[in-house]
Amino acid sequence: MGTEVIKDLRVYVDVLRKENEILEIDVEVDPYLEIAEIHRRVISMGGPALLFTNVKGSRFPVATNLFGSARRLELAFGRQPLDYVANLVKAAEELPPTLKKLWSMKGLLGQSLKIGTKTLRDAPILEECMAPPRLTELPLLTSWQSDGGAFVTLPLVYTEHPDGRGHNLGMYRIQRYDDTSTGIHWQIHKGGGFHYYEAEKRNQNLPMTLFIGGPPALMMAAIAPLPENIPELMMASLLMGSKFPLDKDPLGGHAMAAFAEFAAKGFVPPRQRRPEGPFGDHYGYNSLTHDYPVFQVERLYHRRDAIYPATVVGRPRQEDFYIGDFLQDLLSPLFPLVMSGVRQLKTYGETGFHCLAAAKVTNRYPREAFASGLRILGEGQLSLTKFLIVTDGDIDVSDFKKLWVHVLERIDWQSDLYVFANVSQDTLDYTGPSVNKGSKALMMGLGAEPKRILPKTFAGQLPAGCSHPEVYLPGTMVVEGNSYEYDPELPKKLASHKPLADWPVVLLVDNTKAATASLQEFLWTFFTRFEPAADINAASSGVNRFHVGLTPPIVIDCRMKPWYPHILEVDNATKSKVDEKIASILPARWIP
């Protein structure tokens, strides 16, 4: 992209046009289920961004899949923000600098001076104002038949601390109830939720602004898992490569993102809740209906000829997978600075990110690796990681297959697996005993030399109720079993089965063929369908100095449980509807 500043969504759309990275669709499409299914089909084929210009029931066009490839993310941001962060870390490591080093950092200083906000007069976001608002005129998507309604899926929710201690810009899903109110899905670990907590303690309304659209930098800043004390608008400025433009709202309240496409302004009253959901989320399951705060909208600003951006989440990989990878590449150089001893950190989008993370750490003294693991599990959104793998090996932890084998060769099952029960769990992860409650595990494989040779073949017999064994990785066998409802004790029977004594790990699943179809399916099945404190079994266990040591095989029950939400599937009616018109929507090369 060179040095061009992408100041808003329409500039980005123009860039995508020039690069043949967007497809404009003028056939009428329905925001109820149809747009989402077209989007899913295109992204599954590695297709372009989509601009729907003829949307049923709305005058606003809809843009989706804007960031659904590494190429489009490169077009949106280029190398500048990645290079800036890397150079910033390098400068911090060289403190205190010599005069020569300071001179070599002059480019970094120049870039730093561009970070911040600036005031713009007569901003485009103020061109039109609906008061009272008519939210039903916006083409919000309903993505799955099981969804509880239409949702803003790229919401940019802005709040400020009631005591003036900073702002938060986060992506918290918004369910439209009517023309003037929505649900606001503030999860337990989110900054906006902290602001609401403080306002509610005072029995005060919390002013809130919902931005939709704007420069790609603003959208990415809202998603980025930043520490609480780092302002998201500064991140947006960094990603843009220039100061972020704001304008005053003539009717008062929060400053306005000058080039947003829409801005709904209002407040969230204390102690008011309404059912929100269900919603097909990024884990690939339905998140269920729960009571959440209500956003009361007082007015709706929008640009003339505004474009409504949206995304679709569901079973990985979706657009958020590529966004997550970009943000990890951007922020990963910072990890060694903020978490001493952590050399590399990876969260896996194949599992919805929070279900699995891996870290390469230093282990210079006994159990330093454990301390690094605890540091990771106590850091911001990383604190919701369910399963953390830690190694001091000289390997790339983003390569799961190599990492898993390396760790299994070195783990001491008596001392190197820690399960922390009765802790908070991601709101969207329903494997625990109740919402927001569950457990996490820390698994370590340390040392230069392997402790064992991993088995690669299995020719023995399985216990009754088990079938279709498949060695997916050395030391890891996948076994199909009877359903949990039929035989909840099957993992214990499998763990005590002597022909499996040489196997470090056995995964019990509902369908071996589906679970081993690809690495994507293996990771998704493995890590989204078990809770460490409930579903890890062993041939035997013992407590030594309050630590539970295990004797292999370690059997992990990854079957669906009766309380799990349903797996997201496209309903037949929507599938048939899109089948009938897909040829008139997509070029032949995008139709399988």
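Shown above is the structure to which this text applies.
Described below are features of the structure shown in this document. (Residues numbered from 1 in each chain as written. Predicted model: local features only at pLDDT ≥ 70, side-chain atom pairs only at ≥ 80, totals over all residues. Heavy atoms only, no water.)

**A word on the state of the cysteines**
The tally for this structure, following the rule as stated, stands at zero disulfides. Between Cys466, a cysteine without a disulfide, and Cys558, which holds the nearest cysteine sulfur, the sulfur-to-sulfur distance is 13 Å. Overall, Cys466 belongs to the buried group, its relative accessible area being 12%. (Disulfide = S-S within 2.5 Å. Buried < 20%, exposed > 50% of the residue type's maximum accessible area, 1.4 Å probe, protein only.)

**Side note on the environment of Pro207**
The residue Pro207 is located in strand β11 (residues 206–212) in this model. When the C-alpha positions of Pro207 and Ala222 are compared, they lie 18 Å apart, and in sequence the two are 15 residues distant. Every residue in contact with Pro207, bar those within four places of it in the chain, is listed here: Tyr158, Thr159, His254, Gly266 and Phe267. (Helix = DSSP H or I, 4+ residues; strand = E, 2+ residues; numbered from the N terminus. Contact = heavy atoms within 4.5 Å.)

**Observations concerning the sheet that holds strand β3 (residues 62–64)**
Ordered in space as β1-β2-β3-β19, the four strands form an open sheet in which the pairing is mixed. Bordering the open sheet on either side are β1 (22–25) and β19 (308–309), each of which pairs with just one other strand. Pairing between β3 and β19: two bridges, direction parallel. Bridge pairing in β19 links Val62 to Tyr308. Its contacts with the sheet put helix α2 (residues 34–44) on β2 (49–52) and β3, and the angle it makes with β2 is roughly 155°. (Pairing = 2+ DSSP bridges. Axes fitted to C-alpha atoms, helices over the stretch in contact; angles between N-to-C directions.)

**Details of the packing of aromatic side chains**
Under the criterion given, the structure shown has 26 aromatic pairs. Where Phe151 meets Phe279, the ring centres are 4.6 Å apart and the plane angle is 55°; that geometry is what we call tilted. Of this pair, Phe151 sits in strand β6 (residues 151–152) while Phe279 sits in strand β16 (residues 279–280), and the two are 128 residues apart along the sequence. The burial state of Phe151 is the same as that of Phe279; both residues are buried. Judged by centre distance (5.7 Å) and plane angle (90°), the rings of Tyr484 and Trp563 are edge-to-face. Note that Tyr484 is positioned in the loop between β26 (476–481) and α14 (490–495) and Trp563 in the loop between β29 (547–557) and α18 (572–585), a separation of 79 residues in sequence. Accessibility expressed as a relative area gives 41% for Trp563, which makes it partly exposed. Against the face of Tyr177 rests Arg274, its NZ or CZ located 3.8 Å from the ring centre. The ring of Tyr348 carries the charged tip of Lys346 above its face, separated from the ring centre by 5.7 Å. (Phe/Tyr/Trp six-rings, centres within 6.5 Å; stacked < 30°, edge-to-face > 60°. Lys NZ or Arg CZ within 6 Å of the ring centre and 35° of its normal.)

**Notes on the side chain of Asn168**
Tracing the chain through its elements places Asn168 in strand β8 (residues 167–170). Within the structure, the side chain of Asn168 is placed 3.1 Å from the backbone nitrogen of Gly192, a separation counted as a polar contact. Among the polar contacts made by the side chain of Asn168, one reaches the side chain of Glu232 at a distance of 3.3 Å. (Polar contact = N/O pair within 3.5 Å; in protein donor to acceptor, adjacent residues only side chain to side chain.)

**A short note on helix α10 (residues 319–331)**
In this model, α10 (13 residues) spans 19 Å end to end at C-alpha, consistent with the 18 Å of a helix rising 1.5 Å per residue. Among all positions in α10, only Glu319, Phe321, Ile323, Gly324, Phe326, Leu327, Gln328, Leu330 and Leu331 are buried. (Expected span 1.5 Å × (residues − 1).)

**Remarks on the sheet that holds strand β20 (residues 342–347)**
Reading across the sheet, the five strands line up as β20-β21-β22-β24-β23 and stay open at both edges, with mixed pairing between neighbours. For this open sheet the edge positions go to β20 and β23 (417–424), each flanked by a neighbour on one side alone. Going from strand to strand, the sheet's axes swing by 15° on average, the running direction of each strand aside. Alignment of strand β21 (residues 356–361) against strand β22 (residues 387–391), held across five bridges, turns out to be parallel. The residue bridging Ala359 from the neighbouring strand is Val390, located in β22.

**Considerations on helix α12 (residues 368–377)**
For α12, the complete set of buried residues consists of Glu368, Ala369, Ser372, Gly373, Ile376 and Leu377. Of the surrounding elements, those touching the buried residues of α12 are β20, β21, β22, β23 and β24 (437–445).

**What to know about the environment of Lys114**
Tracing the backbone shows Lys114 in the loop between α6 (106–112) and β4 (117–119). As a C-alpha pair, Lys114 and Lys386 span 272 residues in sequence and 38 Å in three-dimensional space. Setting aside anything within four residues of it in sequence, one finds Lys114 in contact with Ser237, Gly241, Ser242 and Lys243.

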